[in-house]
There are 2 protein chains.
Amino acid sequence: MVRFVDVPRMRHWVEERGVETVIRGIAERIESDFRRWPEFDTQARVASHSPGGVVELMPVSDSRRYSFKFVNGHPGNPAAGLQTVTAFGVLADVASGYPVLWSEMTILTALRTAATSALIARTLARPDSQVMALIGTGSQAEFQALAFRALLGIDSVRIWDTDPRAMDTFERNMRPLGFSVHRASDGAEACDGADIVTTCTADKAYATVLTDDMVRPGMHVNAIGGDCPGKTELEAAILHRADVFVEYPEQTRIEGEIQQLPEDFPVTELWRVLRGEEPGRTSAEQITVFDSVGFAIEDYSALCYLDSDLGEGEAADVDLIAEPADPKDLFALVAAGANSTVRLG
Amino acid sequence: MVRFVDVPRMRHWVEERGVETVIRGIAERIESDFRRWPEFDTQARVASHSPGGVVELMPVSDSRRYSFKFVNGHPGNPAAGLQTVTAFGVLADVASGYPVLWSEMTILTALRTAATSALIARTLARPDSQVMALIGTGSQAEFQALAFRALLGIDSVRIWDTDPRAMDTFERNMRPLGFSVHRASDGAEACDGADIVTTCTADKAYATVLTDDMVRPGMHVNAIGGDCPGKTELEAAILHRADVFVEYPEQTRIEGEIQQLPEDFPVTELWRVLRGEEPGRTSAEQITVFDSVGFAIEDYSALCYLDSDLGEGEAADVDLIAEPADPKDLFALVAAGANSTVRLG
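Residues numbered from 1 in each chain as written. Chains lettered and ligands numbered in written order. Predicted model: local features only at pLDDT ≥ 70, side-chain atom pairs only at ≥ 80, totals over all residues. Heavy atoms only, no water.

The name given to chain A in an unreviewed UniProt entry is Ornithine cyclodeaminase, and the organism recorded there is Kocuria coralli.

Caption draft 1: Inspection of the overall build of chain A at higher detail. Within chain A, the secondary structure is distributed over 10 helices and 17 strands. Taking 20 Å as the expected radius of gyration for a compact globule of 345 residues, we find that chain A reaches 22 Å, a close match to that expectation. Split into buried and exposed, the 345 residues of chain A put 64% on the buried side. Sequence-distant contacts in chain A: of pairs separated by 6 or more residues, those separated by 24 or more amount to 70%. Of the roughly 11,700 Å² that chain A leaves accessible, carbon and sulfur atoms contribute 47%. In chain A, which carries 31 positive and 53 negative side-chain charges, the distance between the mean positions of the two groups comes to 2 Å. (Helix = DSSP H or I, 4+ residues; strand = E, 2+ residues; numbered from the N terminus. Rg over C-alpha atoms; globule rule 2.2 N^0.38 Å. Buried < 20%, exposed > 50% of the residue type's maximum accessible area, 1.4 Å probe, protein only. Contact = heavy atoms within 4.5 Å. Areas by Shrake-Rupley, 256 points an atom, 1.4 Å probe, with all protein chains shown as cover. Lys, Arg positive; Asp, Glu negative; His and termini not counted. Charge placed at Lys NZ, Arg CZ, Asp CG, Glu CD.)

Caption draft 2: Region of the structure containing the pattern of salt bridges. Residues and elements named next belong to chain A. The final tally for this structure, using the stated rule, is 58 salt bridges over all chains. D6 is the salt-bridge partner of R9, the closest N and O atoms lying 3.0 Å from each other. Residue classification places R9 among the partly exposed residues on the basis of a relative accessible area of 29%. Across the salt bridge formed by R112 and E298, the nearest N and O atoms sit 3.3 Å from each other. Residue R112 is found in helix α3 (residues 106-124), and its partner E298 is found in helix α10 (residues 296-309); the two are separated by 186 residues along the sequence. When salt bridges that share partners are traced, they join R29, D33, R36, E39 and D62 into one network. (Salt bridge = Lys/Arg side-chain N within 4 Å of Asp/Glu carboxyl O.)

Caption draft 3: Region of the structure containing the domain arrangement of chain A. Residue and element names in this part refer to chain A. Segmenting chain A into domains produces domain 1 (2-107 + 298-322) and domain 2 (121-295). Summing both sides of the interface, domain 1 and domain 2 together bury roughly 2,300 Å²; the carbon and sulfur share of this comes to 59%. Ranking the residues of domain 1 by area buried against domain 2 places E20, W37 and R45 at the top, with a combined share of 26%. In this structure, the connection of domain 1 to domain 2 is made through 3 salt bridges. Across the salt bridge formed by E20 and R149, the nearest N and O atoms sit 2.9 Å from each other. The tally of links from domain 1 across to domain 2 stands at 9 residue pairs in polar contact (both at pLDDT 80 or more). Ranked by residue count, the leading element in the side of domain 1 that touches domain 2 is helix α2 (residues 19-35), at 8 residues. When its residues are assigned to classes, the side of domain 1 that touches domain 2 shows 9 nonpolar, 6 polar and 9 charged. (Domains from an automatic or database assignment. Buried area = accessible area lost by both parts, 1.4 Å probe. Polar contact = N/O pair within 3.5 Å; in protein donor to acceptor, adjacent residues only side chain to side chain. Nonpolar A, V, L, I, M, F, W, Y, C, P; charged D, E, K, R; others polar.)

Caption draft 4: Local environment of the relation of the copies chain B and chain A. For the pair chain B and chain A, the superposition axis carries a translation of 0.0 Å, the fit reaches an RMSD of 0.0 Å, and the rotation angle comes to 180°. Within this description, the copies of the chain are treated as partners about a two-fold rotation axis. When the interface residues of chain B are mapped onto chain A, 99% of them again fall at the interface, so both copies present the same face. (Least-squares fit on C-alpha atoms with pLDDT ≥ 70 in both.)

Caption draft 5: Molecular detail of the packing of aromatic side chains. Applying the stated rule across the entire model yields 31 aromatic pairs over all chains. Considering the side-chain rings of F40 of chain B and Y300 of chain B, the 4.9 Å spacing of their centres and the 90° angle between planes classify their relative orientation as edge-to-face. Placement of F40 of chain B in the loop between α2 (19-35) and β2 (46-50) and of Y300 of chain B in helix α10 (residues 296-309) is noted, with a sequence separation of 260 residues between them. The residues F40 of chain B and Y300 of chain B share a single accessibility class, namely buried. Connected via pairs of aromatic rings, a cluster forms that spans F4, Y66, F68, F70, F88 and W102 of chain A together with F4, Y66, F68, F70, F88 and W102 of chain B. (Phe/Tyr/Trp six-rings, centres within 6.5 Å; stacked < 30°, edge-to-face > 60°.)

Caption draft 6: Structural view of the interface of chain B and chain A. Each partner contributes residues to the interface: chain B has 94 residues there, and chain A has 93 residues. Between chain B and chain A, the buried area comes to about 7,900 Å², and carbon and sulfur atoms account for 64% of it. Taken together, chain B and chain A are joined by 2 salt bridges. As a salt-bridge pair, D163 of chain B and K328 of chain A come within 2.9 Å of each other at their nearest N and O atoms. Summed over the shared surface of chain B and chain A, the result is 28 residue pairs in polar contact (both at pLDDT 80 or more). Counted by class, the side of chain B that touches chain A contains 50 nonpolar, 26 polar and 18 charged residues.

Caption draft 7: Representation of helix α5 (residues 164-174) of chain B within the structure. All of the buried residues in α5 of chain B are A166, M167, T169, F170, E171, N173 and M174 of chain B. Residue D163 of chain B occupies the N-cap position of α5 of chain B, its side-chain oxygen lying 3.0 Å from the main-chain nitrogen of R165 of chain B.

Caption draft 8: Local environment of the side chain of Q286 of chain B. Here Q286 of chain B shows up in the loop between α9 (270-274) and β16 (288-291). Setting aside residues no more than four positions away along its own chain, Q286 of chain B makes contact with G218, M219, D243, G280 and R281 of chain B.

Caption draft 9: Inspection of the environment of F290 of chain A at higher detail. Tracing the chain through its elements places F290 of chain A in strand β16 (residues 288-291). Sequence separation between F290 of chain A and L124 of chain A is 166 residues, and the spatial gap between their C-alpha atoms is 8.5 Å.

Here's what the structure looks like:
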């Protein structure tokens, strides 16, 4: 039997534990997994592009656990009442190859993306950071805000989105939770006075959500929306002024903000910073950019955390693995459907 | 909601329709999909190797449907009472990226592998073929025999396996179904008088299950067990005497029998033969080899056939896709788990 966490069970788990508690737990697990990065068998994700979007498979493994995530990105989906990004994933046992946990990951991805953003901001942003600008207040926005409060204590957010209803929703969701929300009239106003800028827009285009003049010395930029070929958010000049930190260069150079730049543009791998092998922020004036595209280890960490935290009765058991009594006699499972008459077609 | 076919539902479907009927249906679908091969976005599967085995993801898509299969191969599993190969897969809608069908594929893979073998043998073996040798009578064996009967009318099988119990099981399963089974004392005796030889063994090693002297002019060799790097079954000399047909050269050169040969060893792609663009068998003396490793389109075909054939109530509905009322308000699904108190960790 494989444990299965469907959407109602995922909602139940998050609501029982608390959003910020879950985000902190996932962030801790991501941090410890990033610190042992060389133990993982890593590869760039496998993308299948179509006119409407992309479907990706993101596999990774260490010596004990294998995980993969299926995730789509279809910017036109909301117009049809569908989610831009949906996902599910599986955790499997490396020794036997058997899956052990299968889970919805639309919600879990939002949680792990926010956990990663906040973990990296805690590492790279100025320690006195108090205000975050949030450009793009779609499905990710509330998770980002809660993660930054959970890990950095930031509860002052300046928001901007081209869709006023998306800002309405964010305000309606976050004000009751104790956040101070300033609704800006454009991206520049949102960034004014911010210590951290998170860009999180969905258009599949070379967009310039953040222009060079909006970025002040000392800022940390958490660029999470530019995450596939042909989809960027930052004016290239920002990257030239900043130090750029990435999850997995092989993937980020194809999918991240740095796809705009030459292949030898210098970047720092975050796992090396978390291990203390490379410097993070070195001055209060330095501009740091997390060119986030999402990496399979973050999903692995989230699935492992979920797997270890799920209590009795919090997952369903599904019969996914055909197990005949004699492992060499798979046919026994369907023998009742075999006919002794020759039925040549 | 996503339709889900677990193991009991797969067994029910196969038993209701009949094993040979399902195999014929899948073979027809594979044939028509192979004939429109250039419409598919193809790639080699993504393998993760470990000391105990391999886990693979096999994605493929056309303009309408995307599919992938998760499949493991762990030769040591039966000793622990587990299956060597287990699998599950997903069919998704390309336009939205949403999954539509999730299915066990341990049984379905056995069916589609047998369907492919028989389809290709119908194309390449001598039309007067009457006897098949089956070397390796593990989990695949009965499915192979039934597929060859369903598509070619062959009901005379000569078997050999190093494990006598595996031969016992095969005999016990197949004799009541009207097969004539000759139990050989070695591989050479099994091949004696056979028109078609199927090799289907599981050891992850450079094995020589079939030696050159066992292969007579006019034979068709259906080599399905050599399917990952370091795992072959045929003596290389056989390949030099034969014409070799493959599913997807990029993958077969890494995983198939021809991994033993130089990279420019000539092979023929089967989809071109099925389209009539390349010759198949051209004489009664020619030796033909199907160097089978399994390809993602076969899984796509099997999943599409299953999806189209499943009736009302034959699949479960699972809630896999988080769908908030407002597609930009994913947070609404877990808002009950957000706390207004700052809980800085």
